[in-house]
Amino acid sequence: MSIHAPEVANKILLDEGEMPKRWYNIQADLPFPGSPPLHPGTKEPIGPQDLAPLFPMELIKQEVSQERYIDIPSPVQDALRLWRPTPLMRASRLERELKTTAKIYYKYEGVSPAGSHKPNTAVAQAFYNKAEGTKRLSTETGAGQWGSALAFATKLFDLECMVYMVRISYEQKPYRKSMMHVWGAEVVPSPSDRTQVGRRIRAENPESTGSLGIAISEAVEDAATRDDTKYSLGSVLNHVLMHQTIIGEEALLQMERAEAMPDIVVGCVGGGSNFSGLAFPFLRDRLQGRTKTRFLAAEPEACPSITRGKYTYDFGDTGEMTPLVKMHTLGHSFIPDGIHAGGLRYHGMAPLVSALVDHGYIEGVAYPQRSVFDAAVQFARAEGTIPAPETAHAIRAVIDEAVKARERGESPTILFNFSGHGLLDLAAYDAYFAGTLSDVTLSQARIQELVGAL
Ligand SMILES: *Cc1c(COP(=O)(O)O)cnc(C)c1O
């Protein structure tokens, strides 16, 4: 390997002043009508007033806005500049190792204080809540990435933060809980005894290890029953996806600078926010007929909502308290197996991503977890940075596309979202090396049973 200056730029940076100052709202450009959220009781389309107990009015407006661009308030810009713009990297060592004719770029979101893309929306949500007089935010977290992002953001904007953390993660993954404590949040294992829904589930099943769907019900109930508290969600909703588009707007500028526009854009999908954040600004060009870029969303075989779920109206939570939204879903009673990509264990998918999958703009692909860790380790050994298990799903897809390109003698440019680093997920790597990781695939009969009930 050469020790001379690399022949390609490995890192493309933007100055602070070049950070985009507005978000892109893809709702303005969709070539098909949206499907409105429905009231959980009446099953009629909901209005802004139905959401007012849970969210500040500005976020409710963004949720349904048809404006193509929304200005990022300057206090949010100031908060984002703590770690943004983030670097765009060329994975040239991985390219060489794969002997691929493809060019591989990634947007590195692991530089944020919480180590992932999630603070991009957390700081925006904390700001709008503070501006409208909210004193306290409640939320749920699975493995702890979203809880830690919101704990950080609420501290910046001087709000209290209450986190319902899925019990199994609370017990098995203590360090993200430690981060939340550093940033001043209160964290309880879910199901808890703080809420009616938590008490009911504990009465039915005292051993319950919890799930994201249960924790969402608890956090929603907390916010709905207190005047000083609103609820905050880290993915799925339209406004959350929009806040993440700063990733793709930066990446567009950086790819232009690298003189390399992507043929394939890749991301992992849990609720769909990091994927959308990178993809939507590039999808804008495809929707307007200027490009033929492919969009590839990678998910776990253990929780395959877009590749095998049903596109239908479903609840966002187990307790049937949230509005019904039209999405790819495995059913709101689905509790996925304990794979290590905690951030990808959600039964549903963002309605915007689901609609774009349904209309053929986004392709889905699902992987078993061992092959995902093969890719993660191969990446870390070539490029250095250790990916989060969630991110590793995107890397699996990228490596497969790069190998296909080599076999076909094609040379596409691939861009993926490196959604977070894996430095708090090292136990999962230990399990991989110890050979104790198992591959869990959901049977068709089980999917049928879950979605048949909807
Ligand atoms: C939460 C998380 C995800 C999955 O959530 P999305 O909303 O689909 O982006 C992916 N990667 C990392 C590092 C995460 O923390």
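Here's the deal with the overall build of the protein chain
Helix and strand counts for the protein chain come out as 19 helices and 15 strands. Its C-alpha radius of gyration of 21 Å places the protein chain within 12% of the 22 Å reference for a compact globule of 454 residues. With the C-alpha coordinates aligned to their principal axes, the bounding extent of the protein chain is approximately 60 × 50 × 45 Å. Intrachain contacts of the protein chain at a sequence separation of at least 6 include 76% that bridge at least 24 residues. Element-wise, carbon and sulfur atoms account for 50% of the exposed surface of the protein chain, whose accessible area totals about 17,700 Å².

Thoughts on the site of the ligand
Not every one of the 18 residues close to the ligand is listed here, only the nearest: Lys 118, Ser 235, Gly 270, Ser 273 and Asn 274. Lys 118 places a polar side-chain atom, nitrogen or oxygen, 2.6 Å from an oxygen atom of the ligand. For the ligand, whose unbound accessible area comes to 390 Å², protein coverage reaches 97%. Among the detected pockets, the ligand sits in the largest cavity. In the shell around the ligand, the residues fall into 4 nonpolar, 12 polar and 2 charged.

Points about the domain arrangement of the protein chain
Taken domain by domain, the protein chain holds domain 1 (11–19 + 83–115 + 245–451) and domain 2 (25–71 + 118–238). For domain 1 and domain 2, the distance between their C-alpha centroids amounts to 22 Å. Taken together, the contact pairs 46 residues of domain 1 with 43 residues of domain 2. Note on domain 1 versus domain 2: buried area summed over both sides is about 3,600 Å², and carbon and sulfur give 68% of it. Contact with domain 2 buries area across many residues of domain 1, yet Met 321, Leu 352 and Leu 424 alone supply 16% of it, more than any other trio. Here domain 1 and domain 2 share 0 salt bridges between them. Taken together, the connections running from domain 1 to domain 2 amount to 14 residue pairs in polar contact (both at pLDDT 80 or more). If you list the elements that add at least two residues to the side of domain 1 that touches domain 2, you get α12 (245–257), α13 (273–287), β12 (310–315), β13 (324–329) and α15 (351–358). In terms of residue count, α13 provides more of the side of domain 1 that touches domain 2 than any other element does, 5 residues in total.

Quick look at unusual backbone geometry
Cis geometry marks the peptide bond from Arg 84 to Pro 85, where omega comes out at -10°. Here Pro 85 lies in the loop between α3 (74–80) and β4 (88–90). Following Ser 190, the chain continues into Pro 191 via a peptide bond in cis, with omega recorded as 5°. Tracing the sequence through the fold places Pro 191 in the loop between β8 (186–190) and α9 (196–204). Unusually for a residue other than glycine, Glu 259 sits at a positive phi of about 50°.

So, the environment of Pro 85
Judged by its relative accessible area of 14%, Pro 85 falls in the buried class. Sequence spacing of Pro 85 and Ala 302 is 217 residues, and the spatial spacing of their C-alpha atoms is 34 Å.

Re empty space enclosed by the protein
One pass over the structure, following the stated rule, counts 2 cavities of 30 Å³ or more. Taken as a whole, the largest cavity spans an internal volume of roughly 420 Å³. Along the walls of the largest cavity sit 34 residues, with Lys 118, Trp 146, Ser 235, Gly 271 and Gly 343 positioned nearest its centre. Looking at the lining of the largest cavity, the elements that each hand over two or more residues are β6 (136–141), α6 (145–156), α10 (212–224) and α13. Residue classes in the lining of the largest cavity are distributed as 11 nonpolar, 19 polar and 4 charged. Split by domain, the residues of the lining of the largest cavity number at least three in each of domain 1 (11–19 + 83–115 + 245–451) and domain 2 (25–71 + 118–238). Roughly 40 Å³ of internal volume is contained in the second largest cavity. Forming the boundary of the second largest cavity are Pro 300, Glu 301, Ala 302, Ile 339, Tyr 367, Pro 368, Gln 369, His 393, Asp 439 and Val 440. Its residues assigned to classes, the lining of the second largest cavity shows 6 nonpolar, 2 polar and 2 charged.

Procedures and definitions
- Residues numbered from 1 in each chain as written.
- Predicted model: local features only at pLDDT ≥ 70, side-chain atom pairs only at ≥ 80, totals over all residues.
- Heavy atoms only, no water.
- Helix = DSSP H or I, 4+ residues; strand = E, 2+ residues; numbered from the N terminus.
- Rg over C-alpha atoms; globule rule 2.2 N^0.38 Å.
- Contact = heavy atoms within 4.5 Å.
- Areas by Shrake-Rupley, 256 points an atom, 1.4 Å probe, with all protein chains shown as cover.
- Near = heavy atom within 4 Å.
- Polar contact = N/O pair within 3.5 Å; in protein donor to acceptor, adjacent residues only side chain to side chain.
- 1 Å grid on protein atoms, 1.4 Å probe; cavity = no way out; pocket = protein on both sides within 12 Å on 5 of 7 lines; lining within 4 Å.
- Sits in = over half its atoms within 2 Å of the grid points.
- Nonpolar A, V, L, I, M, F, W, Y, C, P; charged D, E, K, R; others polar.
- Domains from an automatic or database assignment.
- Buried area = accessible area lost by both parts, 1.4 Å probe.
- Salt bridge = Lys/Arg side-chain N within 4 Å of Asp/Glu carboxyl O.
- Buried < 20%, exposed > 50% of the residue type's maximum accessible area, 1.4 Å probe, protein only.
- Points joined across faces, edges and corners; volume = space filled by probe spheres on them.

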